[in-house]
Amino acid sequence: MPYNEDPLDDRFARECDILEWEKDIEDPDDLPNIERSLRLNFNQKPICEQVEPEPAVNKEEPETTSDEPEIDFFNEKNNQIDGLKLMQYIGKLGIAKVVDGEDTSYVYINNCLVETISTDRLHDIVMKSLEGKEEIQSALHDQINKHFARKSLLSIPAKTITTLRDDKDKAYLPFKNGLLVITKDGHELEEYQDLDMLIWKHQVVDRNWRKEKGGDFERFIKNTSSYLEGGQYQLNQPEYEKKLNTIGYLLHTYKDPAESKCVILTDAILDDYNTGQVNGQRGKSSIFCEALNRMRNLLSYDGKLISVGGDKFAFQNIKPDYQLILFDDVSKGFKFENLFHMITGNMTVEGKNRTKFSIPFSKAPKLVITTNYPFKGDGESYLGRQHIVEFSDFYSTKNKPIDVHGKRFFDDWNDTEWACFDTFMAGCLQKYLNTGKLNSSRSRNYELKKLDNPEFILFAKTLSLNVPLDRKKLLLSFQNEYSEKITRNQFYDLLRQYSYAMDYECIENKIKQRQCITLVQKIQ
């Protein structure tokens, strides 16, 4: 019970105690003696104030434990530094040498985060650890060319860096406030201190994780999966689901040899079949790919300038810690076959004045391409490596994202909008983990664009199904209508490609001495 600081209240309380005690006394003759004893002590301080404080004991300051390593490389008598012990001290600070073939680099490990550092940064870390020890700092400064020279730093202990990676059934998204662990059943935020693996510092998302629903990016994905029907845009649910699945695949850093695809982002329709014009501006690069970049470590190449297959140093900027590579807005005529080895095999990187090295398939980044043009080539070698994702014409130069959403994506977002975005992306990862497979269905529009002949597409759309058509008359009709010079074989090849794109069966037969073709819709 707390001591009552008011002396009047305290006096009243003790008088009440005396009266209560009088009721419990068995022998009335003893009352005067007991009462006298109580009143003698009445004016004394409470017991809690009578206790004498313990005399102060002169104790030495307890030894403080510190993670800083012992400084055993400096001789105070002659201000000399033992170079080998200094390198061992640097290693104990969390700095390690990493050897990859003939290349040597240095990393700094702080708790579970690891980052590649320059020799200048290495020097700064060492000097900061010696703050308050001016004599040692001065000695190091005077001998900087000796102890921080390349040959001296080679004596720093080497370390093999093993970083956290997704596995087949689990994905990780590192945020500032913890590691989000995602499985097909849900997600959980874990503390970094409980982690026994390293994470590249630059791969940590510079935001705190919290769950929110909705948001601009989810609307964007729905809008790019919607098509004009009856004067209004209607959501194409299968295409929307395909985009969710694709985002999950690209965010999942685990690579399955049986599911190795290059994601190709393209416009769903040609703006004008008569001219073959494509305008773009659908948000493929500026929003969709930038969204990926906000979650994973992405390296972007200008698709119009990159020379895949022609320049052996084209990919010299690729590092083992990149998770995605984007070839942005590649031109017509891009040779997709030059990427075959990068999609399904190890990734070889060769740089000027650098040792060539190879990134194993399991650790190599996944590939993304944005383009307004289809790639030539058919057969399993091509189709088996491609995953086509189409964007509708909802957004355009006349209907820009900022007009629809009222703000710029990413730059104008507040914390709640970012939380919505993070939750949506994590949901895409969970969705992909539920299936573990991409829905790489064929795209009719993409296959039609491969014909590279808008006039023929317009002509073919007028042909009747399930009716034998005279091949010779078809060719003459096309030539007369479009005044196009085309050989018979070229025309028939186009007709077969059109049938494939439309999922028709092209039956060729002879009826009454006439070579005919019948287009029949395949049964799904």
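On a predicted model such as this, the values are computed, not experimentally measured, just so you know. (Residues numbered from 1 in each chain as written. Predicted model: local features only at pLDDT ≥ 70, side-chain atom pairs only at ≥ 80, totals over all residues. Heavy atoms only, no water.)

1. Focus on the overall build of the protein chain
Per the secondary structure count, the protein chain includes 19 helices and 21 strands. Looking at the protein chain as a whole, 43% of its 524 residues are labelled buried. Across the protein chain, the fraction of contacts at a sequence separation of at least 24, relative to all contacts at a separation of at least 6, is 69%. Carbon and sulfur atoms provide 46% of the accessible area of the protein chain, an area that totals close to 30400 Å². (Helix = DSSP H or I, 4+ residues; strand = E, 2+ residues; numbered from the N terminus. Buried < 20%, exposed > 50% of the residue type's maximum accessible area, 1.4 Å probe, protein only. Contact = heavy atoms within 4.5 Å. Areas by Shrake-Rupley, 256 points an atom, 1.4 Å probe, with all protein chains shown as cover.)

2. Some details on the sheet that holds strand β19 (residues 469-470)
Spatial strand order, β19-β21-β20: three strands in an open sheet with antiparallel pairing. Two strands in the sheet have a free side with no partner beyond their single neighbour: β19 and β20 (504-511). Along the sheet, helix α19 (residues 488-501) makes contact with β20 and β21 (514-521), crossing β20 at roughly 140 degrees. (Pairing = 2+ DSSP bridges. Axes fitted to C-alpha atoms, helices over the stretch in contact; angles between N-to-C directions.)

3. Looking at the packing of helix α9 (residues 216-223) against helix α15 (residues 415-435)
Look at α9 against α15: their axes get within 7 Å of each other, and the N-to-C directions meet at 55 degrees. Judged by the inter-axis angle, α9 sits oblique to α15. Along its contact with α9, which presents D216, F217, E218 and I221, the element α15 presents E417, F421, F424 and M425. Considering only residue class, the contact of α9 with α15 consists of five nonpolar, no polar and three charged. (Parallel < 35°, antiparallel > 145°, perpendicular 65-115°, else oblique. Nonpolar A, V, L, I, M, F, W, Y, C, P; charged D, E, K, R; others polar.)

4. Digging into the nonpolar core
Ranked by size, the top nonpolar core spans 45 residues in total, and within it F217, F288 and M425 carry the most contacts. Broken down by element, this core gets its largest block of residues, nine residues, from α15. The contacts of F217, once residues within four sequence positions are left out, are I247, I287, F288, A291, F409, W413, E417, F421, F424 and M425. Formed by 30 residues, the second largest nonpolar core is a distinct cluster that contains F315, I318, Y322 and F375. (Core = buried A, V, L, I, M, F, W, Y, C linked by side-chain atoms within 4.5 Å.)

5. Some points on the pairing of strand β11 (residues 232-235)
The side chains of a regular strand alternate, first on one face of the sheet and then on the other. As paired strands, strand β10 (residues 226-229) and β11 are joined by four bridges and run antiparallel to one another. Across the sheet, residue S226 finds its bridge partner in β11, namely L235. Connecting β10 to the next strand, β11, in antiparallel fashion are two residues, including G230 with a positive phi near 60 degrees.

6. A short note on the packing of aromatic side chains
The final tally for this structure, using the stated rule, is 34 aromatic pairs. Centre to centre, the rings of F336 and F340 are 5.9 Å apart; their planes meet at 75 degrees, and the pair counts as edge-to-face. Ring centres of W418 and F421 lie 5.6 Å apart, and the angle between their planes is 85 degrees; this geometry places the pair in the edge-to-face category. With W418 and F421 both in helix α15, this residue pair falls three residues apart, about one helical turn. Across the pair, F421 and W418 agree in class, each one buried. Put simply, the rings of F217, F220, Y233, F394, Y395, F409, F410, W413, W418, F421 and F424 touch in pairs and so form one group of aromatic residues. Note that K366 overlies the ring of Y249, its terminal NZ or CZ placed 3.8 Å from the centroid. Between R385 and the ring centre of F340, over which it is positioned, the NZ or CZ distance is 4.2 Å. (Phe/Tyr/Trp six-rings, centres within 6.5 Å; stacked < 30°, edge-to-face > 60°. Lys NZ or Arg CZ within 6 Å of the ring centre and 35° of its normal.)

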